[in-house]
Amino acid sequence: MSSKLRQRSVVSSFICTPPQSSTGLTFALFKRSQDVSTYRGKWAVCSGSIDPTDASPQAAAKREILEETKLSDSDISILRRGKPFSLTDEELQTEWTIHPFAWQLKDGAREISFDWEHTEFKFIKAEDLANYDHVPQLELGVSRVMVSPETEKGLAVLRDDHESGAQALALKSLEILLNMVRGSELRGLSTSGEFWEELRWRAWHLAKNGRPSMGAAIEAKLFKTLDLVNREFLAPESRGIAGVPRSDLQAVVESILKNKIAEGKQSLEPIAKSFLDYVQSNYDPGSLPKSTKTVTLSASGTIHQCLTTLIEGVSPDISIHVTFLESRPNFEGVTAATNLLGTFADKPDVMRRLTIEVVPDASVTTAVVDADYVIFGGDKVIPNGSVSNKIGSCAAAVTAKALNPACKVVALFDTDKITSSGFDSEYLTVEANDETEITNSWPSDVVANLGNQKHKITVRNEYFEWVPAKYIDAHISEQGVLSGKDMERIGFEAVELEERLFGDL
């Protein structure tokens, strides 16, 4: 490749109608004006360069849409992102790195208008793109963000599941992939090479676009399972994936997927035992505390197991006090409190020394000011030790360290939640959800008035947020207390695995 080529990173955004709409999924195609610097008169999607001030490619993509179409942030939501790719235009002496994204128009979105960069636009189906004189390799961008009906259905299952935890969603992703292997779309492929490539694409989309806020566990489960398939055909005596009949490859994939599903969820007991050991290591030598107070806020299975193990494992002379923040908007803290109570309801010896309370999220200050521990799970952990978890986790951690420095802030997670910092360029982005989950608890007249102010007042219902590593005293997994180097190593292994599986796609 010529060293004289300009290097440019750009975003390519497909503004789409919802897949479930009456027209199906279509995307906006814009005709570039004669005033732009490249590809005058060609059809393209909303695109532009990634500026140094852009926080990420996705942030650049949204900025370009808002600038070029006059849509607002409240009109669009991210549908999915595609795997970046590169192409070279020798005539322009430029190597382009293209980051494709699909955005969905929300119900009630305003009409698209365009600026000087375009002269007209129209919505088309992906299969009609060939009828237009478009910019180079736009069809490749289309292939990166448009998925098959079976894949679309699988993504919707993960995206719309707001009840399951990360591990349950990871198992569900394996079940979805197994159904795809047995489905008509993959069965219709004739060669093992085609089958393996399409299978990997589907796994990639499930991992990256199914439920990004919980994507680390989904990615780990899917990618490690695919790696078992890959290794099956990398043995010295193997003919490689391309050298086996497609039916044989399908049989191996089905067998490995079924076995991984049958294994079920990882046991939470090792994490819980590590947490108990950590708590006991903090006791003063030769002296047990009279009581221990722990604050938490979600219905995580990991948190439940850790609290259960703590209550059962400490000396019966120690009183246990657990405070749950109610955890709006779905009140998971209330659910967690009742679940914990139910675990010990028939154990009077435990109940005599166990106190459980639920307080409003706004009472986080009074909850943590005399706490010994603030604990939360981790839906995603990056190598620098920052942890993504239920909204409210950061407030609890920061408040505890500010008002009660002796309080230990502990993140509890399995190592599958650790991902590379490059896993998602939007790793600091939080998941936005249906605003009615918040407004349903408001007075009806306030909600009605809000509806009249739709474009002036934004209601944000975010499920997850990031807790910076500096506010966390201990990261505890099934391997025990993790150091920074431990998390860096595991994150690097995640990068290597992804490159091994998808580097050629």
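Refer to the preceding data block for the structure.
What counts and what doesn't
- Residues numbered from 1 in each chain as written.
- Predicted model: local features only at pLDDT ≥ 70, side-chain atom pairs only at ≥ 80, totals over all residues.
- Heavy atoms only, no water.
- Helix = DSSP H or I, 4+ residues; strand = E, 2+ residues; numbered from the N terminus.
- Buried < 20%, exposed > 50% of the residue type's maximum accessible area, 1.4 Å probe, protein only.
- Disulfide = S-S within 2.5 Å.
- Salt bridge = Lys/Arg side-chain N within 4 Å of Asp/Glu carboxyl O.
- Pairing = 2+ DSSP bridges.
- Axes fitted to C-alpha atoms, helices over the stretch in contact; angles between N-to-C directions.
- Contact = heavy atoms within 4.5 Å.

1. Here's the deal with unusual backbone geometry
Leave glycine aside and you will find that most residues have negative phi; peptide bonds, for their part, are mostly trans.
Turning to step 1, where the next piece is worked out: The omega torsion of the bond from arginine 328 to proline 329 falls at 5°, within 30 degrees of zero and hence cis.
Turning to step 2, where the next piece is worked out: Structurally, proline 329 is set in the loop between β10 (319–325) and α11 (332–344).
Turning to step 3, where the next piece is worked out: At glutamine 137, a residue that is not glycine, the phi angle is positive and equals roughly 55°.
Turning to step 4, where the next piece is worked out: The topology assignment puts glutamine 137 in the loop between β8 (118–124) and α2 (138–145).
Turning to step 5, where the next piece is worked out: Assessed through its relative accessible area of 36%, glutamine 137 is described here as partly exposed.

2. What about the state of the cysteines?
Turning to step 1, where the next piece is worked out: Summed over the entire model, instances satisfying the criterion amount to zero disulfides.
Turning to step 2, where the next piece is worked out: Not engaged in a disulfide, the cysteine cysteine 46 finds its nearest cysteine sulfur in cysteine 16; these two sulfurs lie 12 Å apart.
Turning to step 3, where the next piece is worked out: Assessed through its relative accessible area of 1%, cysteine 46 is described here as buried.
Turning to step 4, where the next piece is worked out: Between cysteine 394, a free cysteine, and cysteine 407, which holds the nearest cysteine sulfur, the sulfur-to-sulfur gap is 14 Å.
Turning to step 5, where the next piece is worked out: Its relative accessible area of 18% is what places cysteine 394 among the buried residues.

3. Describing the pattern of salt bridges
Turning to step 1, where the next piece is worked out: Taken as a whole and judged by the stated rule, the model has 31 salt bridges.
Turning to step 2, where the next piece is worked out: Here arginine 63 makes a salt bridge to aspartate 51, at a shortest N to O gap of 3.3 Å. Pair noted here: arginine 63 is in helix α1 (residues 57–69) and aspartate 51 is in the loop between β4 (46–49) and α1, with a separation of twelve residues, a long-range link.
Turning to step 3, where the next piece is worked out: In this structure arginine 63 comes out as buried when scored by relative accessible area, which is 19%.

4. What about the sheet that holds β10?
Turning to step 1, where the next piece is worked out: Strand order in the open sheet formed by seven strands is β11-β10-β9-β12-β15-β17-β18, and the pairing between neighbours is mixed. Looking at the sheet topology across the chains shown, the edges are occupied by β11 (354–359) and β18 (480–482). Across this sheet, the average inter-strand angle for adjacent strands is 30°, counted without regard to direction.
Turning to step 2, where the next piece is worked out: Sitting on the sheet, helix α9 (residues 269–281) is in contact with β12 (373–377), β15 (408–412), β17 (474–477) and β18, with an inclination near 140° to β17.

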